[in-house]
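# Structural features, examined
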Amino acid sequence: MTATPRSRLLLKLDAEFEAAARAGEQRRAQVLRAQRAMLLARQGDLPAAREELTHLHQAAFASPHPELGAWLHLAEGLMTYYTDFGTAAIERLQRALSLAQVAGAREAQVLALAYLAMLHMVNHRFDALGHSLERGLALATEDDLQARARLYLVIAMTLHHADDAEGAAPWYAKARACATAAGDDAALSALLHNNTQFRVAAVRRAALQGRAPALAGLLPGVQSMDNFDHALGMHALTQVNPLLRAQVLVVTGAYAEALQLFEAHLPHALATGLERMGSSMLADTAWCRAQLGQQEAALAQARESELEIDPRCDTDDQAATHSRLAQVFSHLQLSDDAQRHGALAQQRWSDFAAEQARWREVVRAALEKGH
């Protein structure tokens, strides 16, 4: 098995695999190979992960065992998530959790709960998030560095999304410490991405709601994600980076540069699982065109954004879409459309504030019960 020398955890897994293989510990070697496939998926090397998993599925078919099955479902769940960023991965992870419980494989249980918590948070499943966090925190030991890094990151993400950046900060620090101790560079990449993504979201909300955005250091932060991922060969989240940069550029008024990024990267992102963000970024694109004097194209893009609004998408994305469209239509002197979207934006921002309060309560309750 070959390793990427830039990935510390991958080197560690390879060494443990070779030791298990030499000792004739076949099942241990298979579990380590499944863990390796998980890491490859998290790093964005999906073809290599699929090659590993194909071999392991053949082995599992010949000699089934619930522990190996749990790790395989964990790996397949992450493969599914990093392929389309949708909800289909949840079923795989729940199956992994069930098999891990049958096998008494505590490490797999904790990791399954950690990743389920992440997906429940992303998909606004409040009760399921609280349940997964509570169980994961209660089951994790000091040795579960990868799982604790992910659990702490989910707590930080949730609080950050709930407009509590101060409360999120110590949990980002805890996640970073665990990921560093585990040599988990993919987790460190995820931490950088999520921290920056929520900072961008907060800046965007502030600008759309007429408040002063905290822009200091934000563009360099987006660039640092690119630098980190490039240095360590990470590919899982790189498609998001140009769109984050474009959103910041819109807030700073660099409309031509933002438009170039949207035109180059938005179609691919929408085709590969990020369509829930489509309406708000199309509205941003329309705003750029309006500011650059492309009035006809701006109107066409605004109408396209209207068609892409999905009531199932995140409340803050809906609110951002309506806020931006209100600005576009006002600029285009279409007052009825502007007023309609302005009213919808006000309602969605109110709904989002209620959601933020719910996020904070979910984390508080999980910490009380899980620790």
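Everything discussed here concerns the structure shown above.
Here is a short report on the structure shown in this document. Remember, it's a predicted structure, so these values are computed and weren't measured experimentally.

### Brief notes about the overall build of the protein chain
Of the regular secondary structure elements, the protein chain holds 17 helices and zero strands. Computed over C-alpha atoms, the radius of gyration of the protein chain comes to 22 Å, within 12% of the 21 Å expected from 2.2 N^0.38 for 371 residues, which places it in the range of a compact globule. For the protein chain, the residues scored as buried account for 54% of the 371 residues in total. In the protein chain, of all internal contacts separated by at least 6 residues, the share reaching a separation of at least 24 is 64%. Here the protein chain carries 35 positive and 42 negative side-chain charges, and the mean point of each set is 3 Å from the other.

### What to know about the pattern of salt bridges
With the rule as written, the count across this model stands at 21 salt bridges. In this structure, D284 and R204 form a salt bridge, with 3.0 Å as the shortest nitrogen-oxygen distance. Taken as a pair, D284 in helix α14 (residues 278-291) and R204 in helix α10 (residues 185-208) lie far apart in primary sequence, 80 residues in all. Given the relative accessible area of 0%, D284 is considered buried. Judged by relative accessible area, which is 7%, R204 ranks as buried. Taking the shortest distance from any N to any O, the salt bridge between R348 and D351 comes out at 3.6 Å. With R348 and D351 both in helix α17 (residues 335-370) and three residues apart, this pair spans about one turn of that helix. Given a relative accessible area of 23%, R348 falls into the partly exposed group. The network of salt bridges with common partners includes D14, R33, R36 and E52.

### Quick look at the layout of surface pockets
If you add up the space inside the second largest pocket, you get close to 330 Å³. As for the second largest pocket, its lining consists of 18 residues, and the residues nearest its centre are D163, A202, V203, R205 and R211. Mapped by element, the contributors of at least two residues to the lining of the second largest pocket are α10 and α17. When the residues that make up the lining of the second largest pocket are grouped by side-chain class, the tally is 10 nonpolar, three polar and five charged.

### With respect to empty space enclosed by the protein
All chains considered together, the criterion is met by three cavities of 30 Å³ or more. The space that makes up the largest cavity amounts to roughly 630 Å³. If you trace the largest cavity, you find 33 residues lining it, with N194, Q197, F198, R276 and M277 closest to the centre. Going through the elements one at a time, α4 (66-84), α6 (106-122), α8 (145-161), α10, α12 (241-252), α14 and α16 (315-331) are the ones with two or more residues in the lining of the largest cavity. Considering every element that reaches the lining of the largest cavity, the biggest residue donor is α10, with nine residues. Per-class residue counts for the lining of the largest cavity are 19 nonpolar, seven polar and seven charged.

### Brief notes about the nonpolar core
Residues M38, W71, L74, L129, L133 and I155 are the most contacted members of the largest nonpolar core, which totals 81 residues. By residue number, the principal contributor to this core is α6, which donates 13 residues. Beyond its immediate stretch of four places on either side in the chain, L133 contacts A117, L151, V154, I155 and A366.

### Notes on the environment of G342
Within the fold, G342 resides in helix α17. Judged by relative accessible area, which is 28%, G342 ranks as partly exposed. Along the chain, G342 and L218 lie 124 residues apart, while their C-alpha atoms are 28 Å from each other.

### Points about helix α2 (residues 26-42)
For α2, built from 17 residues, the straight-helix expectation of 24 Å at 1.5 Å per residue is met to within 8% by its first-to-last C-alpha distance of 25 Å. In terms of residue burial, α2 counts as a mostly covered element, since 13 of its 17 residues are buried. Where α2 terminates, the next one or two residues include G44, which has phi positive at roughly 90 degrees.

### Focus on unusual backbone geometry
Negative phi is the rule for most residues except glycine; trans is the rule for most peptide bonds. Positive phi, normally seen in glycine, also occurs at D163, with a value near 70 degrees. Inspection of the secondary structure assignment puts D163 in the loop between α8 and α9 (165-182). For Q333, which is not glycine, the phi dihedral falls at a positive 65 degrees. Inspection of the secondary structure assignment puts Q333 in the loop between α16 and α17.

### Here's the deal with the packing of aromatic side chains
One pass over the full model with this rule turns up four aromatic pairs. Centre to centre, the rings of Y81 and Y82 are 5.2 Å apart; their planes meet at 70 degrees, and the pair counts as edge-to-face. Side by side, Y81 and Y82 carry an identical accessibility label, which is buried. Centroid distance F126 to W359: 4.3 Å. Interplanar angle 40 degrees. Geometry classified as tilted. Of this pair, F126 sits in helix α7 (residues 126-139) while W359 sits in helix α17; the two residues are 233 residues apart in sequence, bridging distant segments of the chain. By the burial criterion, F126 is buried, and W359 matches it. Its guanidinium or amino end placed over the ring of W171, K174 lies 5.3 Å from that ring's centre, counting from NZ or CZ.

Criteria and thresholds
- Residues numbered from 1 in each chain as written.
- Predicted model: local features only at pLDDT ≥ 70, side-chain atom pairs only at ≥ 80, totals over all residues.
- Heavy atoms only, no water.
- Helix = DSSP H or I, 4+ residues; strand = E, 2+ residues; numbered from the N terminus.
- Rg over C-alpha atoms; globule rule 2.2 N^0.38 Å.
- Buried < 20%, exposed > 50% of the residue type's maximum accessible area, 1.4 Å probe, protein only.
- Contact = heavy atoms within 4.5 Å.
- Lys, Arg positive; Asp, Glu negative; His and termini not counted.
- Charge placed at Lys NZ, Arg CZ, Asp CG, Glu CD.
- Salt bridge = Lys/Arg side-chain N within 4 Å of Asp/Glu carboxyl O.
- 1 Å grid on protein atoms, 1.4 Å probe; cavity = no way out; pocket = protein on both sides within 12 Å on 5 of 7 lines; lining within 4 Å.
- Points joined across faces, edges and corners; volume = space filled by probe spheres on them.
- Nonpolar A, V, L, I, M, F, W, Y, C, P; charged D, E, K, R; others polar.
- Core = buried A, V, L, I, M, F, W, Y, C linked by side-chain atoms within 4.5 Å.
- Expected span 1.5 Å × (residues − 1).
- Phe/Tyr/Trp six-rings, centres within 6.5 Å; stacked < 30°, edge-to-face > 60°.
- Lys NZ or Arg CZ within 6 Å of the ring centre and 35° of its normal.

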